[in-house]
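Analysis of the macromolecular model
Listed below, chain by chain, are the residues.
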Amino acid sequence: MTRREALIVLNMLPNLGPVRLRRLLEVFPSPEKVLQATKNDLRDVQGLNTPVIESLARWESLVDLPRELAKIREFGADILTLDDDLYPPLLKEIHDPPTILYVWGTLDKKD
């Protein structure tokens, strides 16, 4: 699984928003490692409650990644993450920027 795919999965999980994801990424070195974490590892992360831990532990039964990727392709959309140069700089400055942006059409650097 790529970093981008892991971020798509994390974005789709119930009860997990950008602030909690940021906390997870402070503890685990990558989004892929977040998805591989055990319940015990997740319990040590400040701010995670039982519903979030359960969502993370059961992500494979909650998210159909191949289907989501197919829908993105079919729609002709693109995905931007905080890692991407085209992710809007002003959006990165807010307290809880979206983990993933689904973009339909073009996005300029000035956006």
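Residues numbered from 1 in each chain as written. Predicted model: local features only at pLDDT ≥ 70, side-chain atom pairs only at ≥ 80, totals over all residues. Heavy atoms only, no water.

A few words now on the pattern of salt bridges. Tallied over the entire structure, the rule returns three salt bridges. Two residues, Glu 54 and Lys 39, come together in a salt bridge whose shortest N-O distance is 3.0 Å. Residue Glu 54 is found in helix H5 (residues 50-57), and its partner Lys 39 is found in helix H4 (residues 39-43); the two are separated by 15 residues along the sequence. Take Lys 39: its relative accessible area is 32%, and that puts it in the partly exposed class. (Salt bridge = Lys/Arg side-chain N within 4 Å of Asp/Glu carboxyl O. Helix = DSSP H or I, 4+ residues; strand = E, 2+ residues; numbered from the N terminus. Buried < 20%, exposed > 50% of the residue type's maximum accessible area, 1.4 Å probe, protein only.)

Here we take up the environment of Leu 7. By the secondary structure assignment, Leu 7 is in helix H1 (residues 3-12). Leu 7 sits in the buried class, given a relative accessible area of 5%. As a C-alpha pair, Leu 7 and Leu 35 span 28 residues in sequence and 9.6 Å in three-dimensional space. When near neighbours in sequence (up to four residues on either side) are disregarded, Leu 7 contacts Leu 21, Pro 31, Thr 81, Asp 83, Thr 99 and Ile 100. (Contact = heavy atoms within 4.5 Å.)

On to unusual backbone geometry, then. The backbone phi angle of Asn 15 is positive, close to 75 degrees, even though this residue is not glycine. Classification of Asn 15 by relative accessible area gives partly exposed; the value is 45%.

Moving on, we get to the packing of aromatic side chains. Counted under the stated rule, the structure contains one aromatic pair. An angle of 40 degrees between the planes, with centres 5.0 Å apart, marks the rings of Phe 75 and Trp 104 as tilted. Of the two residues, Phe 75 sits in helix H7 (residues 65-75) while Trp 104 sits in the segment after strand S2 (100-103), which places them 29 residues apart along the sequence. For the residue pair Phe 75 and Trp 104, the accessibility class agrees, reading exposed in each case. (Phe/Tyr/Trp six-rings, centres within 6.5 Å; stacked < 30°, edge-to-face > 60°.)

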